Structure formats: C-alpha cells, structure tokens
Amino acid sequence: MADPVRVRLAPSPTGDPHVGTAYVALHNMAWAKKNGGVFVLRIEDTDRTRYSPDSERRIFESLRWLGIRWDEGPDVGGDFGPYRQSERLAIYKEHCEILLAKSAAYLCFCTAERLDWMRKDQMRRGAQVGYDGHCRMMPPEEARKKQSAGEPCVMRLAVPREGETEYHDIPRGRIVFKNAAVDDQVLLKTDGFPTYHLANVVDDHLMKITHIIRAEEWLSSVPKHIHLYRAFGWPIPKMCHLSLLRSPDRSKLSKRKNPTSIEWYRQQGFLPEAIVNFLALMGSAMVAGKEEPEVFSLEEWIQGFDLSKIGATGPIFDIKKLEWLNGVYMRKLPSETLAKRLVDEKFSPPELTGEKFQKILPLVQERLKRLSEFKELADFFFAAPASIEPALLIPKGRDSTSTRQALEKILDRWKGLTEWSAGVLEASAVEVMQQLGWKKGEIFMAIRVAITGKTATPPICDVCVALGRDETLRRIENAQKC
RNA sequence: GCCCCCAUCGUCUAGCCUGGUCUAGGACACAGGCUUUUCAAGCCUGCGACACGGGUUCAAAUCCCGUUGGGGGCACCA
C-alpha cells in the first residue's frame, strides 16, 4: 500500500490573490480528492520585506469563495503544523546545521556590493551569471570563527560542479540539467529566515508531501531542490509543473497587462463556478460523455481528473471565453439564486423588493454575461429615463409629429384596457400600427424608447407589465413632451 | 549571454504515449442566415490549424534530429 497522497499549495502572502494561485490550487485539490488524499495549505512568508498580513486573509477568502477547501492549513490546523513558515524557523536552523555538518552547504560572507559587482561583470563578459564560489573555498573552521565574531553571513548550497541532475516531471517526462549551470543558491538569509528553496524542501518532507504540483516557473530550480533532498537523504516527491497562464501576448499573466486578482473577477460579476470551470479548461480537461463537454461542475471535473491529462503548453487567459461560460452559468441559475447573488455581491439597487425582482429578473437573466451588468441592463425598471434621444424615438423616415401622434394613440388604447398583460398590450399596439400604416419594428421601437430610453431591452410589453400600468402610462406621456 | 520548457484553427483544446479509422473533431471568438417588436438566447452555415526542414517507415499531426518561433529561470523574491 503506497503512502496516502498529500499535496500542498504554498502561496506567499505578498499581494492580491492571483488567479494562477487558484489554478494551481484547483489541480492540487483535484488530485487529493481523486485519491482520497490530503490537501495542505502552507503559507510561505519567509520574505519579510514583501510580507503583507492582509494578503494572507484575502488569499484564503478568495480561494474559499471559489469553493476551494483544504484539509490542513494555518486556519484549520492539522498534525504537521505550524503551517506558516515564519513559525518554523527553529526547524530550518536545525536542518541548516545538518547540511553544514555534511558539507552540503557553506557559509558565505560576501557583501551585497561584491555580489552586485560580480554579476555585472559576468553580464558584461557574457558569462554565466551566478555565485562565483568565493566563500566555498573557505575552511569551515574559519567560517565558524567569523560567524561567531558576529560577521553577517548567509548559507549557500554547495552544488556539485560537474555531472548532471535529472528528474521526471509528470507532464514533461525526463528533464536533465547540467550541474555546472546550477547556482550555489542561498538557503539561509542574513536575517535568519530561510529562502524558499530550503523551506519548501524541508517542509514538503516533514509534511509528507507525495506530489508537488506547482507552477512552471519553479522548473529551473528543481535541481537545487534535488541536491537538497539528496543531501538530507530524503525521498524525492513526484513533481508536476503546471504551465503558466499567459497574457494575450503570450508572456506570463501579469497584472500590468491583465487583471490577475481573483477579487477583480469577483467585483466584475463573474461567478465562482464559471471561473473554476474556465480555469479547469486551461491546460486540458474536458468532461467526456456530456452533451456540453466544456461545461462542468468542480465535482464532475475532479471525477474525471488525472495528472496524466495535463498538458505542457501555456494557455492564454481568454476573458471572452470566461465571459461566455459566465453567461452559461447565469442562465442556468434558478432565478432565486441569481437574485440572492446579485444582492449578496451588491450588484443590485438596494430598493429591490422581492416582488419586483421576480418580475424583472427573468427578463434580464438571459441577457447577462456578468452580475455587474444587471445595473445597466435593468436600470429603467427603477427609474424613468432621464432624457430621451429624439433620434432614437422617431423611426427613420417618420417625423416628430407623427411619432407623437402614434404615442398618443397607444396611450389612449392602453388607458382603456381592462387587462394589463403582455399579450393584450401587444395586440392593441399592433392595431395602432395597422391604423397608422407603420411597421411592427417602428411602433414597438418607439414605445420601447419612450419607456426605457434605450433601443435594446427585453420584449417591451413584458417590460410594461413588470413596470405596471401607472408607471408605463406616465412614461409614455413624458416621452410625448420631448 | 547561459540553462530549461513548449509548439494542432485568432483563442482553449481532442487526436500524439500504443504511427494507418484525420479530406484533423469540439468549444470560444468572428462572419452570414434563420427566428424575431429591439437586444440577448437558441438553431444552421461559413471562415479557420498539424511552425519549418530533414530523417525512420509501405504509411507521420503522431517516432527521431535540426531550425525557427514563443515562454520561463538565472536575487539574501517567492
């Protein structure tokens, strides 16, 4: 019996909750669920200069909003804590000593200025950029002495100078790195905090992580991690690097070119299930055997999920397709649910009452691509148009007088109606149309503009019913004045 | 510059592992049409790809090599 599957998401709380984080989280969670395993959330907060306490909270909130749940983490506990790296400093220190004792790492006293100069020099010469090994030659006793004398230093990984390091990546297969090209990475910083490289290897081992599923940008640091695992004598977890989500210009998704914050998508009125579905579509994955194989729930997706299905090409984040999916979900939602979402996410006017809501929501529901569009699409239900554009009101080839007369006739007819229903309104409008010799489009458009100020609305007679008799007649009267 | 990854319609992808069933399938987008009181939605049609060059083979989108193109990494950031 193999070890139970344990995977982890390791975001660093340094900014907005990124859609790429959600993308990676989804794949981790899917793999854990698929195998009856455990999904761990670990906070990588070893960079105290970029750390933002608010960021952690927002990451949790955004992931939860998307329906992503973890089994262990700083906020839910677990047997392998603490789950914030800043709370594990003693553990890293201890492991640093092990590496030093095995000569797998060494202390480095080089100043930032020297490193800077060195790098510039390497660039200029067109040489490989990386630490030149200056302190690697130093006898350990001497290094210890300097260290105890209080000289600031870092600890670096002593990467073998020759040979190759290979490993197997799940979507990509065998990958081979030349050791000579691998830098002597800093493992422990002057401030006593570990770098990502040390912390992630130590934690993944201690937390019994079996599969590392993370973004492709980590691919080139894998050899460093392998050397670390070997130095410790630990087994190496399976690795799966997910291709980076791209901007339309194919560079990695960045907020300079694209909205990347999950919060932004939420504020724009995207539904979490649409975002999840969309993200799952990137890189492969369709649920087979459905009439709509590209529209599926999280559960359905997980059901058919497999790491072997993941592709290695970097998909462009196509917001047009997300919008389409969002529309699909908006139309599918029971209107009570949609109403609740609109209210909860603050996309509907506060004065919206239950009854009115029920009347208008079905009229706009299939026209919405984002929750945020509700306000604009439905504004005329809440207030008469502030002004009416005569050019829109008057059909092409007609004049203002005949338009005014047409509205007058409609008003007369509608005032006398005993039943206020879409069918009746329509029938009497058609009669007026015939009397005037107008076309259907002309009369209905004139009514539409008179009542809503717009040329694109739900079927106008339905709108009139939702608005009610008094309001409808009042608006037509007003329109005549302009 | 050095290291690594990737390569099917504009975009997301199926097919590739286990060559022939691929005149390469679906979806988004786009264009046209139908429906129609407008806008949506829906339905139909169209446009549209195996980056290029060499191999291997009776046969290559599928296997191998190279080229080109794109991407990522090269921090006391993750």
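What counts and what doesn't
Residues numbered from 1 in each chain as written. Chains lettered and ligands numbered in written order. Predicted model: local features only at pLDDT ≥ 70, side-chain atom pairs only at ≥ 80, totals over all residues. Heavy atoms only, no water. Helix = DSSP H or I, 4+ residues; strand = E, 2+ residues; numbered from the N terminus. Rg over C-alpha atoms; globule rule 2.2 N^0.38 Å. Buried < 20%, exposed > 50% of the residue type's maximum accessible area, 1.4 Å probe, protein only. Contact = heavy atoms within 4.5 Å. Areas by Shrake-Rupley, 256 points an atom, 1.4 Å probe, with all protein chains shown as cover. Pairing = 2+ DSSP bridges. Right-handed = clockwise from strand over helix to strand, strands pointing away. Salt bridge = Lys/Arg side-chain N within 4 Å of Asp/Glu carboxyl O. Near = heavy atom within 4 Å. Polar contact = N/O pair within 3.5 Å; in protein donor to acceptor, adjacent residues only side chain to side chain. Nonpolar A, V, L, I, M, F, W, Y, C, P; charged D, E, K, R; others polar. Core = buried A, V, L, I, M, F, W, Y, C linked by side-chain atoms within 4.5 Å. Domains from an automatic or database assignment. Axes fitted to C-alpha atoms, helices over the stretch in contact; angles between N-to-C directions. 1 Å grid on protein atoms, 1.4 Å probe; cavity = no way out; pocket = protein on both sides within 12 Å on 5 of 7 lines; lining within 4 Å. Points joined across faces, edges and corners; volume = space filled by probe spheres on them. Left-handed = near helix turned anticlockwise from the far one by under 90°.

Draft legend 1. Representation of the overall build of chain A within the structure. A tally of helices and strands in chain A yields 20 helices and nine strands. Taking 2.2 N^0.38 as the reference for a compact globule, 482 residues should give roughly 23 Å; the C-alpha atoms of chain A span a radius of gyration of 32 Å, well beyond that estimate. Summarising its shape, the C-alpha atoms of chain A cover approximately 105 × 55 × 35 Å along the three principal directions. Looking at the 482 residues of chain A, the share that counts as buried comes to 50%. A fraction of 74% describes how many contacts in chain A between residues 6 or more apart in sequence connect residues 24 or more apart. Total accessible area on chain A is roughly 23200 Å²; 52% of this is exposed by carbon and sulfur atoms.

Draft legend 2. Region of interest: the pairing of strand β1 (residues 6-9). Neither face of β1 is exposed, since Arg6 and Arg8 on one face and Val7 and Leu9 on the opposite face are all buried. Pairing of β1 with strand β2 (residues 38-41), which is carried by four bridges, proceeds in the parallel orientation. The residue bridging arginine 6 from the neighbouring strand is valine 38, located in β2. Following the chain from β1 across helix α1 (residues 19-34) to the adjacent parallel β2, one finds a crossover that is right-handed.

Draft legend 3. Focus on unusual backbone geometry. Cis peptide bonds are those with omega within 30 degrees of zero, and the linkage from glycine 81 to proline 82 qualifies with -5°. Looking at the secondary structure, you find proline 82 in the loop between α2 (53-65) and α3 (89-101). Positive phi, normally seen in glycine, also occurs at serine 103, with a value near 60°. As for its placement among the helices and strands, serine 103 is situated in the loop between α3 and β3 (105-108). Taking relative accessible area as the criterion, serine 103 reaches 56% and is therefore assigned exposed. One non-glycine residue, arginine 250, lies in positive phi territory at about 80°. Position of arginine 250 among the secondary structure elements: in the loop between β9 (238-242) and α8 (262-267). According to the relative accessible area criterion, arginine 250 is partly exposed, its value standing at 48%.

Draft legend 4. Region of interest: the environment of alanine 215. Checked against the element boundaries, alanine 215 lands in strand β8 (residues 211-215). Under the relative-accessibility criterion, alanine 215 is labelled buried at 12%. Taking the C-alpha atoms as reference points, alanine 215 and cysteine 240, 25 residues apart in sequence, are found 8.4 Å from one another. When residues no more than four places from it in sequence are discounted, the contact partners of alanine 215 are Val24, His241, Leu242 and Leu244.

Draft legend 5. The pattern of salt bridges, seen in detail. All chains considered together, the criterion is met by 41 salt bridges. Between glutamate 323 and arginine 370 there is a salt bridge, with the nearest N and O atoms lying 2.6 Å from each other. Placement of the pair is glutamate 323 in helix α11 (residues 319-332) and arginine 370 in the loop between α13 (354-365) and α14 (374-382), with a sequence separation of 47 residues. Several salt bridges share partner residues, and in doing so they unite Arg8, Arg42, Glu44, Arg88, Asp203 and Asp204 into one network.

Draft legend 6. Molecular detail of the protein's contact with RNA strand B. In the vicinity of RNA strand B lie 63 residues, with Lys189, Thr190, Gly283, Glu366 and Arg367 positioned nearest. In this structure, tyrosine 196 approaches RNA strand B through a main-chain N or O atom, which is 3.1 Å from a phosphate oxygen. Separating a phosphate oxygen of RNA strand B from a side-chain N or O atom of arginine 250 is a distance of 3.4 Å. Elements with a minimum of two residues in the surface near RNA strand B: β4 (154-157), β6 (173-178), α11 and α18 (440-452). Partitioned by chemical class, the residues of the surface near RNA strand B number 26 nonpolar, 14 polar and 23 charged.

Draft legend 7. Molecular detail of the nonpolar core. Ranked by internal contacts, the top residues of the largest apolar core, which has 105 residues, are Ile68, Phe381 and Trp414. Of all the elements, α1 adds the most residues to this core, at 10 residues. Formed jointly, this core draws a minimum of three residues from each of two domains, domain 1 (335-378) and domain 2 (384-480). Aside from chain neighbours lying at most four places away, what touches tryptophan 414 is Trp420, Leu425, Ser428, Ala429, Ile447, Cys464, Arg469, Thr472, Leu473 and Ile476. Grouped together as the second largest cluster of nonpolar side chains are 48 residues, Ala104, Met138, Val182 and Tyr229 included.

Draft legend 8. Layout of the sheet that holds β4. Strand order in the open sheet formed by three strands is β3-β4-β7, and the pairing between neighbours is antiparallel. On the outer flanks of this sheet lie β3 and β7 (186-188), each paired with one strand and no other. Shown here is a sheet whose adjacent strand axes are inclined to one another by a mean of 45°, direction ignored.

Draft legend 9. Layout of the layout of surface pockets. By volume, the largest pocket amounts to about 1300 Å³. For the lining of the largest pocket, the leading source of residues is α1, giving five residues. Each residue belonging to the lining of the largest pocket can be placed in one class, and the counts come to 16 nonpolar, 15 polar and 11 charged. One number sums up the size of the second largest pocket: a volume of about 360 Å³. Of the residues contributing to the lining of the second largest pocket, the split by class is eight nonpolar, three polar and five charged.

Draft legend 10. Layout of the packing of α18 against helix α19 (residues 460-467). Across the interface, α18 lies against α19 with an axial gap of 10 Å and an inter-helix angle of 35°. The interaxial crossing formed by α18 with α19 has left-handed handedness. Seen from α18, the contacting residues are Phe444, Ile447, Arg448, Ile451 and Thr452; seen from α19, they are Ile460, Cys461, Val463, Cys464 and Leu467. Looking at side-chain class alone, the contact of α18 with α19 contains eight nonpolar, one polar and one charged residues.

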